[in-house]
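Each chain, letter by letter, is given below.
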Amino acid sequence: MIYPLLRQLLFNLSPEKAHYFSMNLLRSGCSAGLIKKMVQNSFEHKDSRLAKNVFGLQFKNPVGLGAGFDKNAAYLNELEALGFGFVEIGTVTPKAQPGNEQPRLFRLPADKALINRMGFNNDGVEVIAERLAAWKNKQAATTGAPLIIGGNIGKNKVTANEDAWKDYDSCFSRLFDVVDYFVVNVSSPNTPGLRELQEKDSLRKILSQLQNNNQGKAQPKPLLLKIAPDLTNEQLNDIAELAAEVKLSGLVASNTTINRHNLSAVSKEEGEKIGAGGLSGKPVRLRSTEVVRHLAQQTHHQIPIIASGGIFTGADAKEKMEAGATLVQVWTGFIYEGPAITKNICKALL
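Note that the structure is predicted; figures quoted are calculated from it, not measured.

Draft legend 1. Looking closely at the pairing of strand β12 (residues 305-308). Burial of β12 is two-sided: the residues Ile 305 and Ala 307 facing one way and the residues Ile 306 and Ser 308 facing the other way are all buried. Bridge analysis of strand β10 (residues 250-253) against β12 gives 3 bridges, and the strand direction is parallel. Across the sheet, Val 252 pairs through a bridge with Ile 306, a residue of β12.

Draft legend 2. Spatial organisation of helix α3 (residues 33-43). Where α3 is concerned, the buried positions are Lys 36, Val 39 and Gln 40. The buried side chains of α3 occupy one side of the element, clustering within an arc of 100° when seen end-on. Turned more than 90 degrees away from the buried face of α3 sit Leu 34, Met 38 and Asn 41, all of them exposed. Of the surrounding elements, those touching the buried residues of α3 are α2 (15-30) and α4 (76-81).

Draft legend 3. Just the pattern of salt bridges, in detail. Scanning the entire structure with this criterion turns up 16 salt bridges. In this structure, the salt-bridge partner of Arg 104 is Glu 16, at a minimum N-O distance of 2.8 Å. Of the two residues, Arg 104 is situated in the loop between β4 (86-92) and β5 (105-108) and Glu 16 in helix α2; the sequence distance between them amounts to 88 residues. A residue is classified by how much of its surface remains accessible, and Arg 104, at 6% relative accessible area, is buried. Looking at Glu 16, the relative accessible area reads 11%, which means it is buried. In this structure, the salt-bridge partner of Glu 245 is Arg 204, at a minimum N-O distance of 2.8 Å. Of the two residues, Glu 245 sits in helix α8 (residues 233-245) while Arg 204 sits in helix α7 (residues 200-215), which places them 41 residues apart along the sequence. You can call Glu 245 partly exposed: its relative accessible area is 42%.

Draft legend 4. Summary view of the pairing of strand β9 (residues 223-227). Where burial is concerned, most of β9 is hidden: 5 out of the 5 residues are buried. Residue alternation in β9 divides its side chains into two sets, Leu 223, Leu 225 and Ile 227 and Leu 224 and Lys 226, and both sets are buried. The sheet contact formed by strand β8 (residues 181-185) and β9 spans 4 bridges and is parallel. Its bridge partner lying in β9, Asn 185 is registered against Lys 226. With α7 bridging β8 and its parallel neighbour β9, the resulting β-α-β unit is right-handed. As judged from the 4 bridges shared by β9 and β10, these two strands associate in the parallel manner. Bridged to Leu 224 within β10 is Gly 250. Once the chain exits β9 it traverses α8 before rejoining the sheet at β10, and the crossover so formed is right-handed.

What counts and how
Residues numbered from 1 in each chain as written. Predicted model: local features only at pLDDT ≥ 70, side-chain atom pairs only at ≥ 80, totals over all residues. Heavy atoms only, no water. Buried < 20%, exposed > 50% of the residue type's maximum accessible area, 1.4 Å probe, protein only. Helix = DSSP H or I, 4+ residues; strand = E, 2+ residues; numbered from the N terminus. Pairing = 2+ DSSP bridges. Arc of directions from axis to C-beta. Contact = heavy atoms within 4.5 Å. Salt bridge = Lys/Arg side-chain N within 4 Å of Asp/Glu carboxyl O. Right-handed = clockwise from strand over helix to strand, strands pointing away.

So, in structure tokens, the structure goes:
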């Protein structure tokens, strides 16, 4: 009940300032064990019926936080307290990079949407790997189901597409021991030329190299691919074929869209002022569900799908699962619905 008022106050700040202000405030509170426990009691919904074993990993519940929210693995303690079943960090690149110029994150409240053109701003794989190693050591000393961590990996802006596989392989190797699964991100619209890597031949080179590296390990990690909602059915069919060919563990559908057709008149006008960027939130929901359904059918429901795009409520999550998703991720919904979103979705799923 209190979050709508808090959201109104936070929306007086720029989106990035609001993000860091709220998460740093939560970090201050959760630094005390007693307060973290109170937060968990308020926002975590524990029920063994929610647990799922997917690509060999045990998820305490099927509701995760999508990549881009905790790019640098800086808030895992706080996100664990909010009851997420898994958190995807990143997108991580080999070298640290500042991303695009600010402002680069924008709200469209009339449509419960966001537009971002962040540009893979992150601390770089070395710093993030060390941070994750410290987190993993801390979790080893605790009881209970550990928080599943996904590593979303990408290429640096200055890396040419023909050398992109080297960036992905570098991130994969450095993060291998500190994440539970990997997601290859070739679908962000905010790194010039990145989406060209979704073409079958380019993608095969990256994924084959990663799988060769992966299968050489004593215990290979699940490898997933994140795709854009703007692909044609023919392109989605290519993705499905390639997923089977290189034996991907799963798919993430979908990333943000460059399409603005589903915006209201108010948001379209605002979007024109904002300019380029990926759109997320309510306007992406239907297209994301269509992509999930198509991929599930093309893969004969043999490859798990993590659904992302326009998930705000339990009904939204159910829609994705009925279309063929196994797990779901929130991001924009978290901003608009607040910290109870995971609890509310979990309750609805039961």
